[in-house]
Amino acid sequence: MAISERVLRYLGSSRNIAGCLLALLGLAAHLLGLAGAFWPVVVAALYGAGALLAPPERLRLRVSHAEMETSALRADLDALLRRIEGRFPADVHLAVEGIAEVVRDVLGRAEQLAAAPDELHVVSRTIRGYLPAGLEAYANLPRGYALTRRAGRERSAHEELLSQLALLDARLREVADAVHRGDEQALRDQGRFLRDRFGGSDLDLD
């Protein structure tokens, strides 16, 4: 592990936070004239005491079911993208990449997604059903046929595929919005808790 990574990990650790809190108390005592001439030693000692007395970081070794599921879905998505690479027109690839970007964002929030079974189902069916089925059906058509409109048809096969991809993209963005609203609600709940516990805050989310 690089030294800079170790430093960053320590800065966010409970030991550093506890040490800083006690050190701030020592600094406050100095500002109030209570620490005397040796206030730097007092601040340093308080920091050390806080760092030593803080509970160790909790070690998390178990992988949740949500993480296992989203990891498998991410692997399936990556495999699909590899299989279709270079096989479709540029606009189709662009549409698929847009869908993949939204899906990756959603899969990065495993626990929130697992808490919404309907949204998880949409993501799963998109990766393992809807997306590959449409692409496969298109790929099995002769290119000239796929690009040409037929009499009595509103769209060519190419236009139909792009329309289906647009529908998937729109639905997945709704899923992403739902997941983000869950994150936002959690932030609002935390804000209400802190205001109830500690008083007003300049960061008012209501």
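First, a word on what this report is: a plain description of the structure on this page. (Residues numbered from 1 in each chain as written. Predicted model: local features only at pLDDT ≥ 70, side-chain atom pairs only at ≥ 80, totals over all residues. Heavy atoms only, no water.)

1. So, the packing of aromatic side chains
The test is simple: Here a pair means two rings of Phe, Tyr or Trp (six-membered ring of Trp) with centres within 6.5 Å. Their orientation is stacked below 30 degrees between planes, edge-to-face above 60, and tilted elsewhere. Here, a charge over a ring is recorded when the distance from Lys NZ or Arg CZ to the ring centre is within 6 Å and its angle to the ring normal is within 35 degrees.
Throughout the structure, instances matching the rule amount to one aromatic pair. Over the aromatic face of Y130 sits the side chain of R125, whose NZ or CZ is 5.5 Å from the ring centroid.

2. Some points on the packing of helix α2 (residues 14–31) against helix α3 (residues 39–53)
Put simply, the rule reads: Note on method: axes are straight lines fitted to C-alpha atoms, helices fitted across the in-contact stretch only, with angles between N-to-C directions ranging 0 to 180 degrees. Strands here are runs of E lasting at least two residues and helices are runs of H or I lasting at least four, both read from the DSSP assignment and numbered beginning at the N terminus. Orientation labels follow simple angle bins: below 35 degrees gives roughly parallel, above 145 gives roughly antiparallel, 65 to 115 gives roughly perpendicular, and whatever is left gives oblique. For any pair of crossing helices, the crossing counts as left-handed if the nearer helix is rotated counterclockwise from the farther one by less than a right angle, and right-handed if it is rotated clockwise. Pairs of residues are marked as contacts when any of their non-hydrogen atoms sit within 4.5 Å. Gly counts as polar in this scheme, as do all residues outside two lists: the nonpolar Ala, Val, Leu, Ile, Met, Phe, Trp, Tyr, Cys and Pro, and the charged Asp, Glu, Lys and Arg.
For the pair α2 and α3, interaxial distance at closest approach is 7 Å and the crossing angle is 155 degrees. With respect to α3, the axis of α2 lies roughly antiparallel. Read as a crossing pair, α2 and α3 show a hand that is right-handed. Seen from α2, the contacting residues are R15, N16, A18, G19, C20, L22, A23, G26, L27 and H30; seen from α3, they are W39, V43, L46, Y47, A49, G50, A51 and L52. Residue classes in the contact of α2 with α3 are distributed as twelve nonpolar, five polar and one charged.

3. What about the nonpolar core?
Stated precisely, the cut-off is as follows: By nonpolar core is meant a set of buried Ala, Val, Leu, Ile, Met, Phe, Trp, Tyr and Cys residues that side-chain atoms within 4.5 Å join together. The buried label applies to any residue whose accessible area, calculated with a 1.4 Å probe on protein chains only, is under 20% of its type's maximum; exposed applies above 50%, and partly exposed to all values in between.
Counting residues in hydrophobic clusters, the biggest one holds 30 residues, and the most contacted among them are V96, V103, L113, V123, L131 and L135. Looking at this core, the elements that each hand over two or more residues are α4 (65–84), α5 (90–107), α7 (117–139) and α9 (157–198). The element best represented in this core is α5, accounting for eight residues. Apart from the residues within four sequence positions on either side, L113 is in contact with T70, V106, L107, E119, L120, V123, V175 and V179.

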